[in-house]
Amino acid sequence: MRIVKIETGEVNIPLVTPFKTALRTVDCVNDIIVRIVTEDGQEGFGEAPPTAVITGDTKASVKGAIEEFIAPNLVGMDIENLDGVMEKLHGCILKNTSAKAAVDMAVYDLFAKSCKKPLYKVLGGKRSEIETDLTISVNGIDEMVKDSLRAVDQGFGILKIKVGKEGLKDVERIRAIRQAVGPSVRLRIDANQGWSPKEAVRIIRKMEDLGIEMDLVEQPVNAHDFQGMRYVTSQVYTPILADESVFSVEDAIRIIQKRAADLINIKLMKTGGIYQALKICGIAESFGVECMIGCMLESKIAVSAAAHLAAAKGIITRADLDGPSLCREDPYEGGPVYEGSKIYMNEAYGLGITRVPGFF
């Protein structure tokens, strides 16, 4: 299965409601799509969201990296030489993790097709069903409560609450949501680097003192403040999840060795795809540190790749893969089935995606 063509396109999908965090506000998924074609006519698909505030990648940089550097280096290579393809992918250009992730997932799509298996079974096949949370954007308290109740009515038992913009007022937000949804709904709090270390400890302790049970608090402080992360982790009872702090295997090792977080959030757009994410899973397993699989604002292609990884690895115990649920429409055919909080893995080969708009 030699690669004969790598091409890019764009997809634009409106969101059900604006996506608001401490870092940005977004109204639609506007991502780069990658298609890899082999000499026997097989197709593999990938996707990259331009998330400049986190990865530094823009649409132009993603397309440029793929078209000017990655494609010329990978065309002619054999998909079945997976390690060789991945070494070339990660060695032909520095950084540009989102571009690499899009190509990586398209390669894995094709590799699984060559094995005549769905991707999650090629990667380990731990389970065929996973549960995701649903993100509640940061807004006024009344609106966030209303959005949380709507999510629970839709069958979501885990909510990821965005905070980090107004300090101690975030305590009021979480308290109001907890009172509204009751004790059985799991709450994950995501500050998106919005607090200082001391502020984070003060806010988290306040919520703990109020009896607000939280599944975890995600990235409370600046991504590069490893010492601050360690301080927060050591001062509170609630598990701390490192997200923006972990892009690479080296980052994961540093976080674990410094005890700067209790959990690690793996996102394909940070790692550069499945190949490097698998290495982080291996490191986490060796240290007994559980992982969450997350996503940026991605549509079904990229989220499906992450879902296949989550379904394959037991060390991934939590999923934040709500991208398709946030989209107003699904333009694709095939792939995992998204029904509320449940994601059911496809048994078709590869990612299972059979139609992508703009590619025929």
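This is a predicted model, so every value here is computed, not measured.

Asker: Got a minute to help me understand the sheet that holds strand β15 (residues 342–344) in this structure?
Answerer: The strands that make up a sheet are held in pairs by hydrogen bonds between backbone atoms, and each pair lies either parallel or antiparallel. The antiparallel open sheet is built from three strands, whose spatial order is β4-β15-β14. In the strand order of this sheet, the two ends are held by β4 (129–131) and β14 (337–339), each with one partner. On average, adjacent strands in this sheet sit at an angle of 20° to one another, irrespective of strand direction. Sheet topology note: the β4/β15 ladder contains three bridges and is antiparallel. Note on β15: the bridge partner recorded for Ile130 is Ile343. Contacts between helix α12 (residues 300–312) and the sheet are confined to β4, β14 and β15, with β14 contributing the most and set at about 90° to the helix.

Asker: So what exactly am I meant to see when it comes to the sheet that holds strand β11 (residues 291–293) here?
Answerer: Pairing is parallel in the open sheet, where eight strands are placed in the order β5-β6-β7-β8-β9-β10-β11-β12. The open sheet has two edge strands with one neighbour each: β5 (134–136) and β12 (316–319). Shown here is a sheet whose adjacent strand axes are inclined to one another by a mean of 30°, direction ignored.

Asker: Can you help me understand the packing of aromatic side chains in this one?
Answerer: Aromatic ring pairs are defined here through the distance separating the ring centres and the angle between the ring planes. With the rule as written, the count across this model stands at zero aromatic pairs. Geometry around Phe226 places Arg254 over its ring, the cationic atom sitting 4.0 Å from the centre.

Asker: Explain the nonpolar core here, please?
Answerer: Burial of nonpolar side chains together is a common tendency in soluble globular proteins. Ranked by internal contacts, the top residues of the largest apolar core, which has 126 residues, are Ile161 and Leu321. Here this core takes 11 residues from helix α3 (residues 97–115), the largest share from any one element. Not counting chain neighbours up to four residues away, the residues in contact with Ile161 comprise Ile136, Met144, Ser148, Ile174, Ile177, Leu187, Arg188, Ile189 and Asp190.

Asker: Help me out: how do you make sense of the state of the cysteines in this one?
Answerer: Joining two cysteines, a disulfide is a covalent bond between their sulfur atoms. Under the definition given, this model contains zero disulfides. Unpaired in this structure, Cys281 has its nearest cysteine sulfur neighbour in Cys291, at a distance of 5.4 Å.

Asker: Looking at this structure, I do not really get the pattern of salt bridges. What am I missing?
Answerer: Side-chain pairing between opposite charges can occur once the charged atoms of the two side chains come close. As enumerated under the stated definition, the model contains 23 salt bridges in all. A salt bridge links Arg150 to Asp147, with the nearest nitrogen and oxygen atoms 2.8 Å apart. Of this pair, Arg150 and Asp147 both sit in helix α5 (residues 141–153), three residues apart, roughly one helical turn. What makes Asp147 buried here is its relative accessible area of 17%. Residue Lys160 is joined to Glu218 by a salt bridge in which the shortest nitrogen-to-oxygen separation is 3.0 Å. Note that Lys160 is positioned in strand β6 (residues 158–162) and Glu218 in strand β8 (residues 216–218), a separation of 58 residues in sequence.

Asker: I keep staring at α3 and nothing clicks. Help me out?
Answerer: Because each turn of an α-helix spans 3.6 residues, side chains separated by three or four positions in sequence point in the same direction. Relative to the 27 Å expected for 19 residues at 1.5 Å per residue, α3 spans 26 Å between its end C-alpha atoms, a close match to the ideal helical length. Most of α3 is tucked away, with 17 of its 19 residues classed as buried. Where α3 terminates, the next one or two residues include Lys116, which has phi positive at roughly 55°.

Quick notes on the rules
- Residues numbered from 1 in each chain as written.
- Predicted model: local features only at pLDDT ≥ 70, side-chain atom pairs only at ≥ 80, totals over all residues.
- Heavy atoms only, no water.
- Pairing = 2+ DSSP bridges.
- Helix = DSSP H or I, 4+ residues; strand = E, 2+ residues; numbered from the N terminus.
- Axes fitted to C-alpha atoms, helices over the stretch in contact; angles between N-to-C directions.
- Contact = heavy atoms within 4.5 Å.
- Phe/Tyr/Trp six-rings, centres within 6.5 Å; stacked < 30°, edge-to-face > 60°.
- Lys NZ or Arg CZ within 6 Å of the ring centre and 35° of its normal.
- Core = buried A, V, L, I, M, F, W, Y, C linked by side-chain atoms within 4.5 Å.
- Buried < 20%, exposed > 50% of the residue type's maximum accessible area, 1.4 Å probe, protein only.
- Disulfide = S-S within 2.5 Å.
- Salt bridge = Lys/Arg side-chain N within 4 Å of Asp/Glu carboxyl O.
- Expected span 1.5 Å × (residues − 1).

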